[in-house]
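A closer look at the structure
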Amino acid sequence: MTQLILSVLLQHLIDADTHLFLSINSMHNSFWDVFMPLYSAKFVWSFFYLSILYVIARNYSLKTTLIWLLAAIVVIAVCDQVTAHLIRPMVARLRPSNLDNPISDAVHIVNGYRGGSFSFPSAHAANSSGLAFFVVLLFRRKCLSVAIILWAMLTCYSRLYLGVHYFGDLLVGVIIGCLGASLVYYLLVRIAKIKKPDHLRDISVPLITLGMTVFVFLAISVVRTYIL
């Protein structure tokens, strides 16, 4: 009886998740069809990542900078492995965009991009939120914290827009990312006993880099949509 109740409850959650996904994914236009693939790409954020590393290097010794860098890499690696290689093959939830998924014909696809076979949980959500939460814990500066959280949230939304993840995939990915970042950060602080500087130098650099990157994406989207 308990198993039946849980099965029915799970199906209701899946149905609600599917309905929410289709409602959000249906809201699209030609401008965002250009912007979202750019924003969702991984390597386009390289300068932003380097700007975060720059601020760490400006405020800590070389040894401590390398420790923080290693910690950030561990956060991303753990999030990626747990989502894409541990949970996803076990759950085997088809991406909404997957042609074998019954709802695939109703999904808005951009540039023919459908992603891999399975979607739960989202590695994009886990990795971006893991990095964002790690940066929040590391710097504890309101402006940067708000900016990088918004960056991670828009990354999650872009996956919905592109039709490759359900909301539930993203929510669980965010939870995994935040837990992974917290675990690595507090273990490192406890073990390494790193003393934080009283004043952080050049903390505005990641904000400027993030803003410029988004501006470039917007400019490209305007040109491709309304000019070319």
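Check the entry above for the structure.
This write-up is about the structure you can find in this document. The structure displayed is predicted, hence computed values, not measured ones.

1. Some details on the nonpolar core
Within the largest apolar cluster, 43 residues are counted, with the highest numbers of intra-cluster contacts made by Trp68, Phe134, Phe139, Ile148 and Trp151. Residue assignment for this core shows that the elements contributing at least two residues are α2 (30-40), α3 (46-59), α4 (62-91), α5 (123-139), α6 (142-161), α7 (167-192) and α8 (204-227). With 9 residues, the single largest contributor to this core is α5. With residues up to four places along the chain from it excluded, the contact list for Trp151 reads Tyr39, Trp45, Phe48, Tyr49, Ser128, Leu131 and Leu210. Formed by 9 residues, the second largest nonpolar core is a distinct cluster that contains Ile24, Cys156, Leu160 and Leu170.

2. Quick notes on the packing of α3 against α5
Direction vectors running N to C along α3 and α5 enclose 20°, while the axes themselves pass 12 Å from each other. On the basis of the axis angle, α3 is roughly parallel to α5. As α3 packs across α5, the resulting crossing turns out to be left-handed. For the pair α3 and α5, the contacting residues are Tyr49, Ile52, Val55 and Ile56 in the first and Leu131, Val135, Leu138 and Phe139 in the second. When its residues are assigned to classes, the contact of α3 with α5 shows 8 nonpolar, no polar and no charged.

Calculation rules
Residues numbered from 1 in each chain as written. Predicted model: local features only at pLDDT ≥ 70, side-chain atom pairs only at ≥ 80, totals over all residues. Heavy atoms only, no water. Core = buried A, V, L, I, M, F, W, Y, C linked by side-chain atoms within 4.5 Å. Buried < 20%, exposed > 50% of the residue type's maximum accessible area, 1.4 Å probe, protein only. Helix = DSSP H or I, 4+ residues; strand = E, 2+ residues; numbered from the N terminus. Contact = heavy atoms within 4.5 Å. Axes fitted to C-alpha atoms, helices over the stretch in contact; angles between N-to-C directions. Parallel < 35°, antiparallel > 145°, perpendicular 65-115°, else oblique. Left-handed = near helix turned anticlockwise from the far one by under 90°. Nonpolar A, V, L, I, M, F, W, Y, C, P; charged D, E, K, R; others polar.

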